[in-house]
Amino acid sequence: MTAIGKTRRPVAREARGVLHTLAAGEFAHYRDAPPPALEDWVEHFWRVRWNLEGLPPQMQETLPHPNVHIVIERGSAQAFGIHTRRWTRVLEGRSSAFGIKFRPGAFRPFLGSAVSGLKDSSLPMEALWGTDAHELNDIVDSSGETSEDTGVIEQVSHFLLARLPAVDPNALLAGRIVDSIVDDRELKGAGELAERFGMSLRALQRLFNEYVGIGPKWVINRYRMHEAIARVQAGQPVSWVALAQELGYFDQAHFISDFRKLVGKTPADYARELGSAHG
């Protein structure tokens, strides 16, 4: 078994892809690394808590990563596939959600079919584990609203370890390829990526369809957008021409078009909106 986890980066303190912070109320996002036995399967565990009691509902928007998530809320446990657009969720009242972010490719052995079948959709965990899935709800529900999730992570990890499928070398390969996309901002396209890993473009596309759930071109573009948003959120002046070139775009117009499609506004408008919110 190839232990990818030994060379993987630590869990980042800040989540990438969150487009806005809540204008009022309380909101917290925690992330924790998996135990060593799950490092080839789970990117990290996360918990989101919010308190908007006495306040109007607020919309939270994010740009998802190329990962499958199991999201556990009160009375519900579902696996969410790759979301191709920005993810929108209206938050209200006081509640929380606990999530398992799987490494790219790692959910395929659990699912037993192409991960692309989950694109822009979800699957109740009962479809995967029958009534055993209720145990996940019980674990998270019993944790209440405290900020300490150590016990929950231990119990959820035990649940997964008891149900680990056989190791699939293609799942490990898919994760390693996505890691290389994250690490290389100079990557120009899927053809270059295929050549790097000694496969044809068609073989790479098949691997991503089956294990990641979406094509390599989409993944490369998504991480370009994550980088662009992080630059804008840093609050420093940005040259859109220079940034487009740095991210591998042929021209500024193409970059702005992609940004608008995903974020809903141009980079300049998004920067002005963030500036007004922080001012």
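In this text, all values refer to a predicted model and were calculated from it rather than measured experimentally.

Visitor: For this particular structure, what's the right way to read the pairing of strand β7 (residues 94-102)?
Guide: Regular strands show a simple pattern: their side chains alternate between the two faces of the sheet. Of all 9 residues in β7, 7 are buried; the element is thus mostly enclosed. Relative to β7, strand β2 (residues 42-51) runs antiparallel, the two being bridged by 9 bridges. Across the sheet, V48 pairs through a bridge with A97, a residue of β7. Across 4 bridges, strand β4 (residues 69-73) lies against β7 in antiparallel orientation. Looking at β7, one finds that H69 is bridged to K101.

Visitor: Sorry, what's going on with the nonpolar core here?
Guide: Proteins that are soluble and globular tend to have nonpolar side chains buried together. Formed by 29 residues in total, the largest nonpolar core has its most connected members in F107 and L160. The set of elements that each furnish at least two residues to this core consists of β2, β4, β5 (76-80), β7, α1 (108-111), α3 (134-141) and α4 (150-161). Sort the elements by how many residues they give to this core and α4 lands first, with 5 residues. Setting aside its immediate chain neighbours within four residues, L160 contacts L38, V42, F45, I100, F102 and W129. Counting residues in hydrophobic clusters, the runner-up holds 20 residues, among them F208, V212, I220 and Y223.

Visitor: Would you take a moment to explain the sheet that holds β7 for this structure?
Guide: A sheet is described by the order of its strands in space; here 6 strands give the open sequence β1-β2-β7-β4-β5-β8, paired in antiparallel fashion. Whereas interior strands pair on both sides, the edge strands pair on one side only; in this sheet they are β1 (26-32) and β8 (122-124). On average, adjacent strands in this sheet sit at an angle of 20° to one another, irrespective of strand direction. As judged from the 5 bridges shared by β4 and β5, these two strands associate in the antiparallel manner.

Visitor: Help me out: how do you make sense of the packing of aromatic side chains in this one?
Guide: The description of an aromatic ring pair uses the distance of the two centres, along with the angle that the planes make with each other. Summed over all chains, the structure comprises 11 aromatic pairs. A centroid spacing of 6.1 Å and a plane angle of 25° characterise the contact between F45 and F98, whose relative ring orientation is stacked. Here F45, found in strand β2, pairs with F98, found in strand β7; they are 53 residues apart in sequence, far enough to count as distant. Each member of the pair F45 and F98 is classed as buried. Ring plane angle 65° and centroid distance 5.6 Å describe the contact between F102 and F110, whose orientation is recorded as edge-to-face. Looking at F102, the relative accessible area reads 0%, which means it is buried. Among the aromatic residues, those joined into a cluster by ring pairs are W41, F102, F107, F110, W129 and F159. Directly above the aromatic system of Y211 lies the positively charged group of R108, at a separation of 5.6 Å from the ring centroid.

What counts, and where the lines are drawn
- Residues numbered from 1 in each chain as written.
- Predicted model: local features only at pLDDT ≥ 70, side-chain atom pairs only at ≥ 80, totals over all residues.
- Heavy atoms only, no water.
- Buried < 20%, exposed > 50% of the residue type's maximum accessible area, 1.4 Å probe, protein only.
- Helix = DSSP H or I, 4+ residues; strand = E, 2+ residues; numbered from the N terminus.
- Pairing = 2+ DSSP bridges.
- Core = buried A, V, L, I, M, F, W, Y, C linked by side-chain atoms within 4.5 Å.
- Contact = heavy atoms within 4.5 Å.
- Axes fitted to C-alpha atoms, helices over the stretch in contact; angles between N-to-C directions.
- Phe/Tyr/Trp six-rings, centres within 6.5 Å; stacked < 30°, edge-to-face > 60°.
- Lys NZ or Arg CZ within 6 Å of the ring centre and 35° of its normal.

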